[in-house]
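Per-entry structural report
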Amino acid sequence: MLRNRRIFLIATLIDALGSGLWGPFALLFLVHAQGLTLLDAGTSLSTGALLALVAGPAAGAAMDRFGPRALLVTGNVVRIGAFCAYPLVHSSWQVIVVTVVAGVGDRLFWTCNAPMTARLTEGRDTDRVLATQTAGRFAGAGIGAGAIAVLPAITSPWTFHLLAYVNAASFAVAALLIRLLPRAEAPAVRPPGSWRAVLGDRPFTGFCFTHMAFTLASASKFAVLPIVVHDLLHGPQWIAGTAITLGTVAVVTGQRPIVALLAGRSRTAGLIGAATIFAACFGLLIPLQAVSLPVATGLILFTSLGFSIAEAMFGPTATAAAAAAAPPGAEGRASSIFQLSWGLPVALAPGLLAALLSVGNALTWSVLALTCAAAVPALLVLRRKLPEALREPSPSVAA
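Everything quoted here is computed from the prediction, not taken from an experiment.

Thresholds applied
- Residues numbered from 1 in each chain as written.
- Predicted model: local features only at pLDDT ≥ 70, side-chain atom pairs only at ≥ 80, totals over all residues.
- Heavy atoms only, no water.
- Salt bridge = Lys/Arg side-chain N within 4 Å of Asp/Glu carboxyl O.
- Helix = DSSP H or I, 4+ residues; strand = E, 2+ residues; numbered from the N terminus.
- Buried < 20%, exposed > 50% of the residue type's maximum accessible area, 1.4 Å probe, protein only.
- Expected span 1.5 Å × (residues − 1).
- pLDDT = per-residue confidence, 0-100.
- Contact = heavy atoms within 4.5 Å.
- Phe/Tyr/Trp six-rings, centres within 6.5 Å; stacked < 30°, edge-to-face > 60°.
- Polar contact = N/O pair within 3.5 Å; in protein donor to acceptor, adjacent residues only side chain to side chain.
- Axes fitted to C-alpha atoms, helices over the stretch in contact; angles between N-to-C directions.
- Parallel < 35°, antiparallel > 145°, perpendicular 65-115°, else oblique.
- Left-handed = near helix turned anticlockwise from the far one by under 90°.
- Nonpolar A, V, L, I, M, F, W, Y, C, P; charged D, E, K, R; others polar.

1. Looking at the pattern of salt bridges
- Throughout the structure, instances matching the rule amount to six salt bridges.
- One salt bridge connects Asp 127 with Arg 267, and the closest N-O pair in it is separated by 2.7 Å. Placement of the pair is Asp 127 in helix α6 (residues 125-150) and Arg 267 in helix α12 (residues 267-284), with a sequence separation of 140 residues. The pair formed by Asp 127 and Arg 267 is uniform in burial state, with each residue classed as buried.
- For Glu 311, the salt bridge goes to Lys 221, with nearest N and O atoms at 2.9 Å. You can see Glu 311 sitting in helix α13 (residues 293-325) and its partner Lys 221 sitting in the loop between α9 (202-220) and α10 (225-232), a full 90 residues away along the chain. Of the two residues examined, Glu 311 and Lys 221, each falls in the buried class.
- A network of salt bridges, in which partner residues are shared, links Arg 5, Asp 125 and Arg 128.

Written out as structure tokens, the structure reads:
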């Protein structure tokens, strides 16, 4: 079990690093290497990502039938094809098609990742493995963000193409490692899974709905910060850049220690703590326009650390809780529903934030603060209905 867990962790770290790196790099690649305009590239990537979300339920049903190992390998193979195709795209419709294919691979990975982790771990070790993966994803995003400052000076499309092929190769390595895991991960006797078992489980669906408050906060925490700094505060852009960098470093370095600190407490306590920190940090940003620029800068940098702590607290904890609360035999379907609680807020956040910010800075942060605060009473109710997943801390086994 320990050997299998380590193989799986290495494979998913490679996966998480590659996925995290491509996020900030995708626009740069399409504009500088493929000749698309910024608007066409951004619209095409968003359209492809939204279309790929519909693959989630199918991925969940397939996982319940074939097991997570087979679907994780398939997801990596699909993304190998997508990243080998990216250097060949030169129009918006081609970008949409390839992005959909890459998104399907992502849905396969994220749908199967938590159930596979739960099968290879015990108790709060699930949280620890997921925490390490989260740190890898943020590290990849940080590397990608740093590359943005360097790569525009590179004019050769071949260099950009090489980076896409290296990313494809990383998914190939991840697929080979997961292929080394034993085929029989699931228990020999399992009750049949169904969509009715998942959608009819009100505590589980209620948890997924509550989780959307966290994912909206995660997607929003830095999304409008550059615009707020430039258009509302009329300050230098290093403020936003420093805040985002500081937050990324804090998550990468603090993720595992924070999860270890929470191991002796219930998952409810960790999630309530994260919701409280998110709400407090959003609240601190409400008066940005009413204070001097130095004070506003201090608030932005301080809250970036708070956001990172909340991110480290809720991400692995919520994912592990959802895996533990899934109806037996329908883990894949349940995971696909939980993944929608990640995907929908991320997809909707840009439009929602733009609408709120068009009204005013204070309204934007007030709505986000109230949304996070509303998660606290919801979690207290769910704690009684999902005791094994949320209420009691589970024993941790050394990795």
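2. Some remarks on helix α4 (residues 68-85)
- Taking 1.5 Å per residue, 18 residues should reach 26 Å; α4 reaches 26 Å between its end C-alpha atoms and fits that length.
- The complete set of buried residues in α4 reads Pro 68, Arg 69, Leu 71, Leu 72, Val 73, Gly 75, Asn 76, Arg 79, Ala 82 and Phe 83.

3. Digging into the confidence of the model for the chain
- Averaged over every residue, the pLDDT of the chain is 84; residues scoring 70 or more account for 90%.
- Of all the helices and strands in the chain, α6 carries the lowest mean pLDDT, 72, while α12 carries the highest, 95.
- Segment residues 185-189 is flagged for pLDDT under 50; beyond a separation of four residues in sequence, or across chains, it makes five contacts in the model.
- Within the model, the stretch residues 394-399 combines pLDDT values under 50 with 20 contacts to residues more than four positions away or in other chains.

4. Some points on the packing of aromatic side chains
- Evaluated as defined, the whole model comprises twelve aromatic pairs.
- Pairing Phe 109 with Trp 110 gives two aromatic rings, centres 4.7 Å apart and planes at 75°, and the pair type is edge-to-face.
- Classification of Phe 109 as buried rests on a relative accessible area of 2%.
- One aromatic cluster is present, formed by Phe 214, Phe 278, Phe 282, Phe 307, Phe 314, Trp 342 and Trp 365 through successive ring pairs.

5. Considerations on the side chain of Asp 64
- Examined against the element boundaries, Asp 64 turns out to sit in helix α3 (residues 55-66).
- Among the polar contacts made by the side chain of Asp 64, one reaches the side chain of Arg 333 at a distance of 2.8 Å.
- Excluding residues within four positions of it along the chain, Asp 64 makes contact with Gly 329, Ala 330, Glu 331, Gly 332 and Arg 333.

6. Section: the packing of α4 against helix α7 (residues 157-179)
- Relative to each other, α4 and α7 sit at 165°, their axes nearing to 8 Å. In terms of their interaxial angle, α4 and α7 are classed as roughly antiparallel. Crossing handedness for the pair α4 and α7: left-handed. Facing α4, whose interface residues are Arg 69, Leu 72, Val 73, Asn 76, Arg 79, Ile 80, Phe 83 and Cys 84, α7 presents Ala 164, Tyr 165, Asn 167, Ala 168, Phe 171, Ala 172, Ala 174, Ala 175, Ile 178 and Arg 179.
- Per-class residue counts for the contact of α4 with α7 are 13 nonpolar, two polar and three charged.

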